Amino acid sequence: MTASRNEPGASGPTGGAFAPDAYNQALPFGLHHLFGAMNALGTLWILGLMVLINLDVFGRNLLSTPVRGVTEMVSLSIVGIVFLQLADTLRTGRFTRADVLMDRLKRQQPRVADALQAVFHLVGLVLMLIILQASWEPLVESIRIREYVGAVGDFQAPVWPIRLVTLLGLATTALCFGLLAWMDLKRMAARGRLAGDAA
Amino acid sequence: QQTIKLTAAAGHPPVFLWVKTLDEVFIPEVDRKLAAGGKYKIEWTKAFGGTLVKLGSESKGIADGVADLGVVSTLFEAAKFPLQNVSYYTPFGTDNIELMSQTIAGLQKNIPAMADAWNKNGLTYLGGMALDSYHIWTKFPITRIEDLNGKKISAPGPAANWIRGTGAVGVAGSLNTYYEDIKSGVSDGVVVFTTGAWGAKVHEVAPYVTKVNFGAQFAGGIAINKRRFEKLPPEVQAAIREAGDKWTAEYAKAQSALVDTRFKEMAAAGAKISELPEAERKRWADALSPVAKTWAADAQSKGLPADQVLNGYMNSLIKAGTKVPRDWSK
Amino acid sequence: MSSEIIALGSLVLMLALIYAGMHVAITLGLLSFVGVWLIRGDMDIAANLLAQAVSDSIASHIFGVVPLFVLTGFLVAYADVGKDAFEVANQAFRRIRGGLGIATVAANAVFAAITGISIASAAVFTRVAVPQMLRFGYQPRFAVGVVAGSSVLGMLIPPSLLMILYGFLSDQSVGDLFTAGIVPGLILAVAFAGVILLMAWWRPGMVYVGELQPVDDEALMPLSEMLLKMLPIVLLIGSILGGIYTGLFTATEAGAVGALVALLIALVRRKLTLRSFWGVLTETGHVTVSVSFLIICANIYTRMLAMSGTPQAMLEWMGAAGLGVVAFLVIYVVVVVLLGTIIDSSSILLIMLPLMLPIAQQFELNLIWFGVITVVAVEIGLLTPPFGLSIYVIKSTLGRTVDIPLGEMFRGTAPFTLTMLAVLALLMAFPQLSLMLLK
Ligand code: NA
Ligand code: NA
């Protein structure tokens, strides 16, 4: 529903050489399809939450049979949803940031803007990798001790699938940051060549 | 004089007595002991209310070194402390908070698997705490278990097992939601402990308080990062251990006194407090499924000596003179 | 290097990096990581803290329904429910300058009775009100400012998550707190409306783009059409309010029920194809994720601050300074507002109250009134840079449909932030305003 300025496929795999930034473009190796698919899963999950809570509300009031475990499932789900969709949210340029300085640079010093964006994306990559490596051990532990929400004899759900989804989400987001940085650098190099040709 | 930096944390805010006494009993006691020795001084950073470690991840936060010591709510970390939660699967026990923490402390001493839960998670156990006995707060009076038939009762986690079989429908929730849930009619009442009920102001919306006495419940303790503890000078270690014992005793005493105060305050605020007759209490206990057996079987399947814990637990309650309406180990 | 200096340094760096255009969430995460590493002298602890926060800062039932509130907002907008409602409002308020702004405030006050969190209000009204205000010639930053400003009503008018949390921490009746929030909430709404009127008359350039449009009486809708256009929104709000107040569902669950009702309305009005519904869902996901990720990273930053002991030192200093009651209140409010510029609402309560409540009690302040003051002061933080959650929610919800720079948005919100400060001062000076509905 948003009028995206450049959809995947609108430009080559490296992105338009003179696009203002790397967002909303096709990614190398067609990886935007992977991120898009994960995003779609997250989307269905949101719809599932709506159905689940309504089932609980109507079941409780009309049939006196609440759905047990909705509270636990909702609080786990939100984490799963966020990390399934994190990479696509990044790819489509939806991470919030201030654009005052960047907009000016894009107009006046496009190569500096490219370089700065590359740096920011690399920082994002590093941060994701740090969280990623620290998230591995909790996942293993969660499987080992069969961590669950709920209670024995009542509703019980395992926690590890959410930890796994989180890990996958962090990994794909790290990948996305890396690809964005690479596209920034390529764009900067292309601008440099053009400047060289003109001179 | 050597200064040592320690960070104390808790997922709960200090309105809860186990956190308040960590701040007002435990920490000053460590300081007092060390001041007497004169060699060491601790510089404390305090982060309560989940500002540093959240409820449910307190043990990991302390084991990781994000905090050095603090309250670990075993209730919210059932997968890491399965055996510590035995009381939640053996309702209608004792309302004596001190007896409850002593019982669990005794089991931890005698059954290695129980003490191991702390060590394996990178923690050293310093003292324990139990919540005061659970009762039921409702919009309607209760004199017999039939009064619960068809009613929606908020009973989260293991407490859901205390309701199933009475004809009531269990509804999820937490201390944060009870007030709104009952007020709006999502549930007709709640099973909760007295001091928590007062904090959540449940009596304003569910004024019928029936003392069912589901029993005090072991809910956690103070623990310190194991590696950090072992590196501390012996004198500091001793001070911390002794402060842990003092905290355990003082907390139990203070919490018991608080329960009486809270009941008086609730009555003054218009709550109608009554006691469930002993015969009805027995009928209630008998109406439940053998939940302790289910729990023990689950833990045994994970290689834990839950049968031994269950037997030891019931034995020590009965030996201490508790009249239990149902022996869950049978 | 002392931990307080590390915390202070991180704040300066935060301002610089955000200005330079680094993603806000990444900035917060990075600075916290480095901060914890320096404070503890151990990189692993810092990494573990981050990983832990990633898995538990948003894992709550209350937060889990946020995407559903966002979805409701999108569906309402898609079904033209918002458009119709605002056409009616525009006609009704056509002789009042800034009428749509006032309509937004009024609608938000009503919606506040449905939701307990301000992010929900911000998400819903960004989709419903902003496009309409732009359509009728309002300044983009004014449109955003109105939505951001009035979103705070969501946690002042009951039900309110912040009030529940305060009730817990202060041992006060949640019911009394809810009641005490009503009059201040209405005062704030009226003050917002007043400020809009003032701006529209004295500084029309702040409200409208270009010339003031003349009132056109010829193209008026007949009353029957107005009623028909109002029907869906009345149905939606009525069913949710009715559901909450008759006990069918909670304010938290209202997100799911609202989304379902909005979906049904959109289907009945034949405004939704499978394709556009998918688009709505995808967009809902992106908004939820960008807001959630920000909240996670803000929570990480809060943990770093807690570890540094800075808030504690600040509060202990306040406690030891032996202030008089007025000085105490003023400094308390200033500290809350300052913390509000960088950390999230509930963390402020959790950090401040344990140390401040005993002092407030010493001064024998009415703790219900103190709660209202606290909540209003905390809510100002939703509007202030660099971490102004309401603004970020609006920015995410707008996506690429309307391009308003972040700085511009904060400027557009400034009149409403100042109004809140004025109302806060009023509430502080006259406790009776908060307590009049209590017996
Ligand atoms: Na509200
Ligand atoms: Na702010």
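Definitions and cut-offs
Residues numbered from 1 in each chain as written. Chains lettered and ligands numbered in written order. Predicted model: local features only at pLDDT ≥ 70, side-chain atom pairs only at ≥ 80, totals over all residues. Heavy atoms only, no water. UniProt positions renumbered as here; feature names shortened; annotations may be inferred. Helix = DSSP H or I, 4+ residues; strand = E, 2+ residues; numbered from the N terminus. Contact = heavy atoms within 4.5 Å. Areas by Shrake-Rupley, 256 points an atom, 1.4 Å probe, with all protein chains shown as cover. Rg over C-alpha atoms; globule rule 2.2 N^0.38 Å. Buried < 20%, exposed > 50% of the residue type's maximum accessible area, 1.4 Å probe, protein only. Lys, Arg positive; Asp, Glu negative; His and termini not counted. Charge placed at Lys NZ, Arg CZ, Asp CG, Glu CD. Buried area = accessible area lost by both parts, 1.4 Å probe. Salt bridge = Lys/Arg side-chain N within 4 Å of Asp/Glu carboxyl O. Polar contact = N/O pair within 3.5 Å; in protein donor to acceptor, adjacent residues only side chain to side chain. Nonpolar A, V, L, I, M, F, W, Y, C, P; charged D, E, K, R; others polar. Expected span 1.5 Å × (residues − 1). pLDDT = per-residue confidence, 0-100. Disulfide = S-S within 2.5 Å. Core = buried A, V, L, I, M, F, W, Y, C linked by side-chain atoms within 4.5 Å. Phe/Tyr/Trp six-rings, centres within 6.5 Å; stacked < 30°, edge-to-face > 60°. Lys NZ or Arg CZ within 6 Å of the ring centre and 35° of its normal.

Per an unreviewed UniProt entry, the recorded name for chain A is TRAP transporter small permease protein, and the organism is Hydrogenophaga electricum. Quoted verbatim from the Subunit (unreviewed entry) heading of the UniProt record, the comment on chain A is "The complex comprises the extracytoplasmic solute receptor protein and the two transmembrane proteins." As stated in UniProt under Function (unreviewed entry), the record for chain A gives "Part of the tripartite ATP-independent periplasmic (TRAP) transport system."

Before going further, it helps to examine the overall build of chain A. On a plain count of helices and strands, chain A comes out with five helices and two strands. Ordered by position in the sequence, the α and β elements of chain A form the string α-α-α-α-β-β-α. Considering only intrachain contacts with a sequence separation of at least 6, the fraction spanning at least 24 residues in chain A is 69%. Summed over its atoms, the accessible surface of chain A is roughly 8300 Å², and 68% of this surface lies on carbon and sulfur atoms.

The subject of this paragraph is the overall build of chain B. Scanning chain B for helices and strands turns up 11 helices and nine strands. The C-alpha radius of gyration of chain B comes to 20 Å, within 12% of the 20 Å expected for a compact globule of 330 residues. Each of the 330 residues in chain B was classed as buried or not, and the buried ones make up 62%. In chain B, 77% of the contacts between residues at least 6 apart in sequence involve partners at least 24 apart. Of the roughly 11700 Å² that chain B leaves accessible, carbon and sulfur atoms contribute 51%. In chain B, the 39 positive side-chain charges and the 33 negative ones have mean positions that sit 2 Å from each other.

Quick look at the interface of chain A and chain C now. Each partner contributes to the interface: chain A provides 60 residues, whereas chain C provides 66 residues. The junction of chain A with chain C conceals about 5500 Å² of combined surface from both sides, 72% of it contributed by carbon and sulfur atoms. Our count for the chain A to chain C interface comes out at two salt bridges. A salt bridge links R94(A) to E283(C), with the nearest nitrogen and oxygen atoms 2.8 Å apart. Taken together, the connections running from chain A to chain C amount to 11 residue pairs in polar contact (both at pLDDT 80 or more). Those elements that place two or more of their residues in the side of chain A that touches chain C are α1 (31–62), α2 (70–91), α3 (100–108), α4 (110–144) and α5 (160–198) of chain A. Looking at the side of chain A that touches chain C, the element that brings in the most residues is α1(A), giving 15 residues. Taken together, the residues that form the side of chain A that touches chain C break down as 33 nonpolar, 18 polar and nine charged.

The subject of this paragraph is the side chain of S142(A). Residues and elements named next belong to chain A. Residue placement: S142 occurs in helix α4. Judged by its relative accessible area of 0%, S142 is buried. Those residues in contact with S142 that lie beyond four places of it in its chain are E147, V159, W160 and R163.

The amide bond that connects P385(C) to the next residue, P386(C), takes the cis arrangement and shows omega of 0°. By secondary structure assignment, the location of P386(C) is in the loop between α20 (367–380) and α21 (389–398). Of note in this structure, F29(A) is not a glycine but carries a positive phi near 60°. Among the structural elements, F29(A) can be located in the segment before α1. When its relative accessible area of 76% is taken as the criterion, F29(A) is described as exposed. Even without being glycine, R146(A) reaches a positive phi, approximately 50°. In this fold, R146(A) is placed in the loop between α4 and β1 (148–150).

Residue and element names in this part refer to chain C. Along the chain, the position of L367 falls in helix α20. Remark: the alpha-carbon pair of L367 and G412, spanning 45 residues in sequence, is separated by 34 Å. The residues contacting L367, other than those within four sequence positions of it, are Y166, S170, Q172, L357, A360 and Q361.

All names here are of chain A. Mapped onto the present numbering, the UniProt feature "transmembrane region" (unreviewed entry) falls on residues 34–53, 73–91, 112–132 and 162–183. Counted over residues 34–53, helix gives 100% and strand 0%. Its end C-alpha atoms are 29 Å apart. Across residues 162–183, the secondary structure splits into 100% helix and 0% strand, with the terminal C-alpha atoms separated by 31 Å.

With that out of the way, let us pick up the interface of chain B and chain C. Facing the 35 residues of chain B at the interface are 37 residues of chain C. Taken together, both faces of the contact between chain B and chain C bury some 2800 Å²; the carbon and sulfur share is 56%. Viewed at the interface, chain C and chain B are joined by one salt bridge. Between R40(C) and D68(B) there is a salt bridge, with its nearest N and O atoms 3.2 Å apart. Put simply, chain B and chain C have five residue pairs in polar contact (both at pLDDT 80 or more) between them. Taken together, the residues of the side of chain B that touches chain C break down into 14 nonpolar, 10 polar and 11 charged.

Attention now moves to helix α7 (residues 99–112) of chain C. Residues and elements named next belong to chain C. For α7, with 14 residues, the first-to-last C-alpha span of 20 Å sits near the 20 Å given by 1.5 Å per residue. Counting buried residues along α7, 11 of its 14 residues qualify, which places the element largely inside the surrounding structure. What α7 keeps buried is the set G99, L100, G101, I102, A103, T104, V105, N108, A109, F111 and A112. Against α5 (66–78), α6 (81–92), α8 (118–128), α9 (130–135), α10 (140–151) and α12 (174–202) lie the buried residues of α7.

Another point: the side chain of N225(B). Residue and element names in this part refer to chain B. Tracing the chain through its elements places N225 in strand β8 (residues 208–225). In this structure the side chain of N225 is engaged in a polar contact, spanning 3.1 Å, whose partner is the backbone oxygen of A63. Sequence-distant contacts of N225, defined by excluding residues within four places in its chain, comprise I62, A63, D64, G65, D68 and G122.

Now for the confidence of the model for chain B. Within chain B, residue pLDDT values average 93, and 100% of them lie at 70 or more. Of the two predicted TM-score estimates for the complex, the pTM is 0.87 and the ipTM is 0.91.

All right, on to the state of the cysteines then. Here is the idea: a disulfide is a covalent bond, and it sits between the sulfur atoms of two cysteines. A complete count under the given rule lists zero disulfides over all chains for this structure. In this structure C176(A) is not part of a disulfide, and its nearest cysteine sulfur, from C297(C), lies 16 Å away.

All names here are of chain B. Evaluation of the coordinates by the stated rule reveals 36 salt bridges over all chains. Measuring nitrogen to oxygen at the nearest pair gives 2.8 Å for the salt bridge that ties K60 to D64. Highlighted residues: K60 and D64, both in helix α2 (residues 58–64), separated by four residues, approximately one helical turn. Judged on exposure class, the residue K60 and its partner D64 are both buried. Ionic pairing is found between E280 and R283, a salt bridge with its closest N-O pair at 2.8 Å. Linking E280 with R283, this pair stays in helix α9 (residues 278–287), spanning three residues, or about one helical turn. A relative accessible area of 11% places E280 in the buried class. Among the ionic contacts, a cluster of salt bridges with common partners joins E29, R32, K33, E242 and K246.

Core analysis: the largest hydrophobic core is formed by 350 residues, its most contacted members being W18(B), F26(B), I240(B), W284(B), W295(B) and F370(C). With 18 residues, helix α16 (residues 274–308) of chain C is the largest single contributor of residues to this core. Those residues in contact with I240(B) that lie beyond four places of it in its chain are L6(B), F26(B), V30(B), L126(B), I224(B), F229(B) and L232(B).

Okay, the packing of aromatic side chains next. The tally for this structure, following the rule as stated, stands at 26 aromatic pairs over all chains. Measuring from centroid to centroid gives 6.1 Å for F95(A) and F177(A), while their planes differ by 80°, and the two rings are edge-to-face. Of this pair, F95(A) sits in the loop between α2 and α3 while F177(A) sits in helix α5, and the two are 82 residues apart along the sequence. Like F95(A), the residue F177(A) is buried in the burial classification. Judged by centre distance (6.4 Å) and plane angle (50°), the rings of F142(C) and F416(C) are tilted. Residue F142(C) is located in helix α10, and its partner F416(C) is located in helix α22 (residues 406–429); the two are separated by 274 residues in the primary sequence. Aromatic rings pair up to connect Y88(B), F92(B), Y134(B), W162(B), F193(B), F214(B) and W284(B) into one cluster. The ring centre of F140(B) lies 4.6 Å from the NZ or CZ of K151(B), which sits over that ring. Lying over the aromatic face of Y208(B), K272(B) brings its terminal NZ or CZ to 5.2 Å of the ring centre.

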